[in-house]
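Spelled out, the chains give:
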There are 2 protein chains.
Amino acid sequence: MKTAIRQRLDPATRCALILDEALRQFAERHYSVVTVRDVAVGCGINAALIYYYFESKDHLFRQTIGHVVETLVAGHQARRTGPDDPAGEIAAWLDMHVQLAPTIGRMVKIMADYAASKARDAATDALIADFYNSEQALLEDCIARGMAGGQFASVDIAKTARTISLHLDGIFHASASRGDDRIPQDIDDLRSLIATLLGTTPWQAVLAAD
Amino acid sequence: MKTAIRQRLDPATRCALILDEALRQFAERHYSVVTVRDVAVGCGINAALIYYYFESKDHLFRQTIGHVVETLVAGHQARRTGPDDPAGEIAAWLDMHVQLAPTIGRMVKIMADYAASKARDAATDALIADFYNSEQALLEDCIARGMAGGQFASVDIAKTARTISLHLDGIFHASASRGDDRIPQDIDDLRSLIATLLGTTPWQAVLAAD
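Cut-offs applied
Residues numbered from 1 in each chain as written. Chains lettered and ligands numbered in written order. Predicted model: local features only at pLDDT ≥ 70, side-chain atom pairs only at ≥ 80, totals over all residues. Heavy atoms only, no water. Contact = heavy atoms within 4.5 Å. Buried area = accessible area lost by both parts, 1.4 Å probe. Salt bridge = Lys/Arg side-chain N within 4 Å of Asp/Glu carboxyl O. Polar contact = N/O pair within 3.5 Å; in protein donor to acceptor, adjacent residues only side chain to side chain. Helix = DSSP H or I, 4+ residues; strand = E, 2+ residues; numbered from the N terminus. Least-squares fit on C-alpha atoms with pLDDT ≥ 70 in both. 1 Å grid on protein atoms, 1.4 Å probe; cavity = no way out; pocket = protein on both sides within 12 Å on 5 of 7 lines; lining within 4 Å. Points joined across faces, edges and corners; volume = space filled by probe spheres on them. Nonpolar A, V, L, I, M, F, W, Y, C, P; charged D, E, K, R; others polar. Core = buried A, V, L, I, M, F, W, Y, C linked by side-chain atoms within 4.5 Å. Buried < 20%, exposed > 50% of the residue type's maximum accessible area, 1.4 Å probe, protein only.

Engineer: Account for the interface of chain B and chain A, naming residues and giving values.
Structural biologist: Listed as interface residues are 49 residues of chain B and, on the opposing side, 49 residues of chain A. Between chain B and chain A the total buried area reaches about 4300 Å² when both faces are included, carbon and sulfur atoms providing 57% of it. Per-residue buried area on chain B facing chain A is highest for B:R162, B:R178 and B:W203; these three make up 17% of the total on that side. Inspection of the region where chain B meets chain A yields 10 salt bridges. Taken together, chain B and chain A are joined by 15 residue pairs in polar contact (both at pLDDT 80 or more). Only α2 (11-28), α7 (101-116), α8 (122-148), α9 (157-178), α10 (183-197) and α11 (203-209) of chain B provide two or more residues apiece to the side of chain B that touches chain A. Top contributing element to the side of chain B that touches chain A by residue count: α9(B), with 15 residues.

If you want it as structure tokens, here you go:
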């Protein structure tokens, strides 16, 4: 990547490379201690070039989160099935989490760091809130469609969507905190959990089928 | 607290006050940037006094995690019901999480910071692993007893225990990251989730009863 970024790149590609490096450094250390210069060194470029694209470290941080959110949304769009398949759409959201696990793990970490710090930036707050609101809306929409179509049992839509969303957070948080590399397995268990909540397969029957 | 700590305190009380302050600072900032001096200033004491109890910042950090783990275990012991009440014992574990929510939120944060950093300390690693292993063992034991006593449906014990544990992680992680102060409500929803998994109340009936 260091060689690649020295080459003449179109602005979008170069920005993406800078944002990937920023994400890695912000997640491994802490955004309060990472400097724009550190990110530049990691990319093998001059800090001035980063300032050409991003006006400040805050701007770079915000764009880093925005870049991940865009990647996730695009990843989900690419895996979406038809409008009549709400179960498939929930499965696509989970598949995307398995596929992009390292990136999501880093995002989860920097969002937690930012939230725990006293620093507040309205645009960053809005971006994080938007991400979770979109996830909640996507899950609620799928559950409502599945209920309307008779594929799912009748459940409390908001509560069920939040349960799935919290569980995803738990899987990524635990993977980092406990250091046990179990994301695909935990997400498979979440698939069983969702099937149980939506009344398609009882939790016990899932066991019997194992 | 600043006044209290200046007074002549017994070593155990003074240590607990130092560890509470260390936990607060490590969680709000990042353990890599917090110095022993910062913790001393926060306690209103001289750094030398901290070094009297803790040989290094690493030692202080490790003891901070150990102190929280002890608090949690004691909190659960105090709420435990009899050996014939596995459902009550799981409920006590959740109650303890509601009661000690701010402390657990900070612990979850510093464990994530430590895990994401490149710093490795065998004793700290063991402490974190022990905590999660004890939680898993406690939940597995309750589920197994409930199954044996016919109160719970027959389920995959390890998978069900891990599901509960991951969900707890998700609740605390989300509370911090999303900044939505919903821990008691989310833990109540987890009670419904557990009742569903253990076959005592279907997820839909939980809705109807709301």
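Moving on from the coordinates now.
Engineer: Run through the relation of the copies chain B and chain A, naming residues and quoting values.
Structural biologist: Here chain B sits on chain A after a turn of 180 degrees about the axis and a move of 0.0 Å along it, with an RMSD of 0.0 Å. Here the symmetry operator amounts to a two-fold rotation axis. Among all residues of chain B, the one whose C-alpha sits closest to the rotation axis is B:G170, at a distance of 1.6 Å. When you check the interface residues of chain B against chain A, 100% turn up at the interface there too, and the contact is symmetric in its surfaces.

Engineer: Residues and numbers for empty space enclosed by the protein, please.
Structural biologist: As enumerated under the stated definition, the model contains 3 cavities of 30 Å³ or more in all. One number sums up the size of the largest cavity: a volume of about 120 Å³. A:K109, A:A112, A:H173, B:A112 and B:H173 are the residues nearest the centre of the largest cavity, which is lined by 13 residues in total. Taken together, the residues that form the lining of the largest cavity break down as 7 nonpolar, 4 polar and 2 charged.

Engineer: Residue-level account of the nonpolar core, with values.
Structural biologist: Across soluble globular proteins, nonpolar side chains show a tendency to be buried alongside one another. Within the largest apolar cluster, 118 residues are counted, with the highest numbers of intra-cluster contacts made by A:I50, A:L60, A:F172, B:I50, B:L60 and B:F172. Every residue in contact with A:L60, bar those within four places of it in the chain, is listed here: A:I18, A:L19, A:A22, A:F26, A:V39, A:I50 and A:F54.

Engineer: Lay out the pattern of salt bridges with the relevant residues and their values.
Structural biologist: Under the defined criterion, the tally for this structure stands at 32 salt bridges over all chains. The salt bridge partner of A:R24 is A:E28, with a shortest N-O separation of 3.6 Å. Here A:R24 pairs with A:E28, and both are found in helix α2 (residues 11-28), just 4 residues apart, close to one helical turn. The class of A:E28 is partly exposed, set by a relative accessible area of 26%. Among the salt bridges present, the one from A:K159 reaches B:D189, with a minimum N-O distance of 3.8 Å. Of this pair, A:K159 sits in helix α9 (residues 157-178) while B:D189 is found in helix α10, placing the two residues in two different chains. Judged on exposure class, the residue A:K159 and its partner B:D189 are both buried. When salt bridges with common partners are traced through the structure, they connect A:K109, A:D113, B:K109 and B:D113 into a single cluster.

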